[in-house]
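Each chain, letter by letter, is given below.
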Amino acid sequence: MQLDKAGCAVQVDPMRMAFILPFVVSLSPAGASEMCTEDAMIVFDGSGSMAEMGFNTINEPRIFEARRALHTALPTIGQSRRLGLIIYGPGGEGGCGNVDVRFGPQWEAAPKILDDVDALEPDGDTPLTEAVAAAADALNYQTQPGAIVLVTDGKETCGGDPCALAAQLAAKGKDLTVHVIGYKVRGDQFAWEGEGHNDYNEAISVASCLADRTGGQYVGAETVDQLVGALRVTLGCSVIGRLD
């Protein structure tokens, strides 16, 4: 059923909708999920490096810009699909001791995600492999489809093997896709190859194999706008809106 501008029900020709729908899908962002029928977990890097600034050509802590990007992208995305949140880094005993499953997938989750990220004080190391594994478990990945979006500044510092996890998820998952957003990823040292080129600023997260092995996307982002675009591409939907 469809409503006209006055709020009255109007009859929709099924043949007309069958003709229009493919064009609606084709206008969606490239790489976006085909439908919002699968649950998604956001895995957010809350480690100490998210507070870095200065020497690595970062003008303000990554966490400040990440918050602004989430506030822009998530309200609309959260109306279209069920989202959950994992934060890793701060809290716990020891730098690698905390992978915090804040909540599993639910409707209208954007306000809760934004509140949790706004209150976050980055700290600790980077157990990103363990965090992605926890997200997969939260999605019951062996029995139902789902999507994970990892937002990270790049490194695994707690001994995890993201590529081994990627192989496991690809082999045992029902239909699990892992997308990785590398935000302001930096290399271990400067490696100039010529004027205007700096590999240090063009590094790729070690977690990229999670996307490669599961059919997801690796998206690098350096600015707030690029991070907003990456969130919309990896969490967005080809058919806008939610069907109950």
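Rules behind the numbers
- Residues numbered from 1 in each chain as written.
- Predicted model: local features only at pLDDT ≥ 70, side-chain atom pairs only at ≥ 80, totals over all residues.
- Heavy atoms only, no water.
- Core = buried A, V, L, I, M, F, W, Y, C linked by side-chain atoms within 4.5 Å.
- Buried < 20%, exposed > 50% of the residue type's maximum accessible area, 1.4 Å probe, protein only.
- Helix = DSSP H or I, 4+ residues; strand = E, 2+ residues; numbered from the N terminus.
- Contact = heavy atoms within 4.5 Å.
- Pairing = 2+ DSSP bridges.
- Axes fitted to C-alpha atoms, helices over the stretch in contact; angles between N-to-C directions.
- Disulfide = S-S within 2.5 Å.
- Phe/Tyr/Trp six-rings, centres within 6.5 Å; stacked < 30°, edge-to-face > 60°.
- Lys NZ or Arg CZ within 6 Å of the ring centre and 35° of its normal.
- Salt bridge = Lys/Arg side-chain N within 4 Å of Asp/Glu carboxyl O.

Draft legend 1. Main features of the nonpolar core. Within the largest apolar cluster, 34 residues are counted, with the highest numbers of intra-cluster contacts made by Phe 44, Leu 74, Leu 83, Ile 113, Leu 227, Leu 231 and Leu 235. Going through the elements one at a time, strand S3 (39-45), helix H2 (62-77), strand S4 (83-88), helix H3 (110-118), strand S6 (146-152), strand S7 (176-183), strand S10 (218-221) and helix H7 (224-235) are the ones with two or more residues in this core. Broken down by element, this core gets its largest block of residues, 7 residues, from H2. Excluding anything up to four places from it in sequence, Leu 74 contacts Ile 42, Leu 83, Ala 110, Ile 113, Leu 114 and Leu 235. Counting 23 residues, the second-largest nonpolar core is a separate cluster that includes Tyr 88, Ile 148, Leu 150 and Leu 176.

Draft legend 2. Up close: the sheet that holds S7. The 6 strands lie next to each other as S5-S4-S3-S6-S7-S10, forming an open sheet whose pairing is mixed. Across the chains shown, the open sheet's two edge strands, defined by having one partner strand only, are strand S5 (99-106) and S10. Direction aside, the axes of adjacent strands within the sheet are offset by 15° on average. Pairing between S6 and S7: 7 bridges, direction parallel. Within the sheet, the bridge partner assigned to Val 151 lies in S7 and is Ile 181. Sheet strands in contact with H2 are S3, S4 and S7, and its direction is about 165° off that of S3.

Draft legend 3. Spotlight on the state of the cysteines. By the definition in use, this model includes 2 disulfides. Residue Cys 96 pairs covalently with Cys 158 via a disulfide, S to S 2.0 Å. Here the disulfide of Cys 96 and Cys 158 is left-handed, its torsion about the S-S bond being about -90°. Taken as a pair, Cys 96 in the loop between S4 and S5 and Cys 158 in the loop between S6 and helix H5 (162-172) lie far apart in primary sequence, 62 residues in all. In this structure Cys 96 comes out as partly exposed when scored by relative accessible area, which is 30%. Judged by its relative accessible area of 25%, Cys 158 falls in the partly exposed class.

Draft legend 4. The packing of aromatic side chains, seen in detail. For the structure on display, the rule yields 0 aromatic pairs. The ring of Phe 103 has Lys 112 lying over it, and the distance from NZ or CZ to the ring centre is 4.4 Å.

Draft legend 5. Structural detail: the environment of Gly 146. In this fold, Gly 146 is placed in strand S6. In the structure, Gly 146 is positioned 10 residues away from Ala 136 in sequence and 8.1 Å away in space, judged by C-alpha atoms. Setting aside chain neighbours within four positions, we find Gly 146 in contact with Glu 38, Asp 39, Leu 139, Asp 175, Leu 176 and Thr 177.

Draft legend 6. Fine view of the pattern of salt bridges. A complete count under the given rule lists 6 salt bridges for this structure. Notably, a salt bridge pairs Arg 81 with Glu 38, separated by 3.0 Å at the nearest N-O pair. On the criterion of sequence distance, the pair formed by Arg 81 in the loop between H2 and S4 and Glu 38 in the loop between helix H1 (14-26) and S3 is long-range, its members being 43 residues apart. This pair shows no difference in class: Arg 81 is buried, exactly as Glu 38 is. Arg 62 is the salt-bridge partner of Asp 153, the closest N and O atoms lying 3.6 Å from each other. Taken as a pair, Asp 153 in the loop between S6 and H5 and Arg 62 in helix H2 lie far apart in primary sequence, 91 residues in all. Both residues of the pair, Asp 153 and Arg 62, count as buried.

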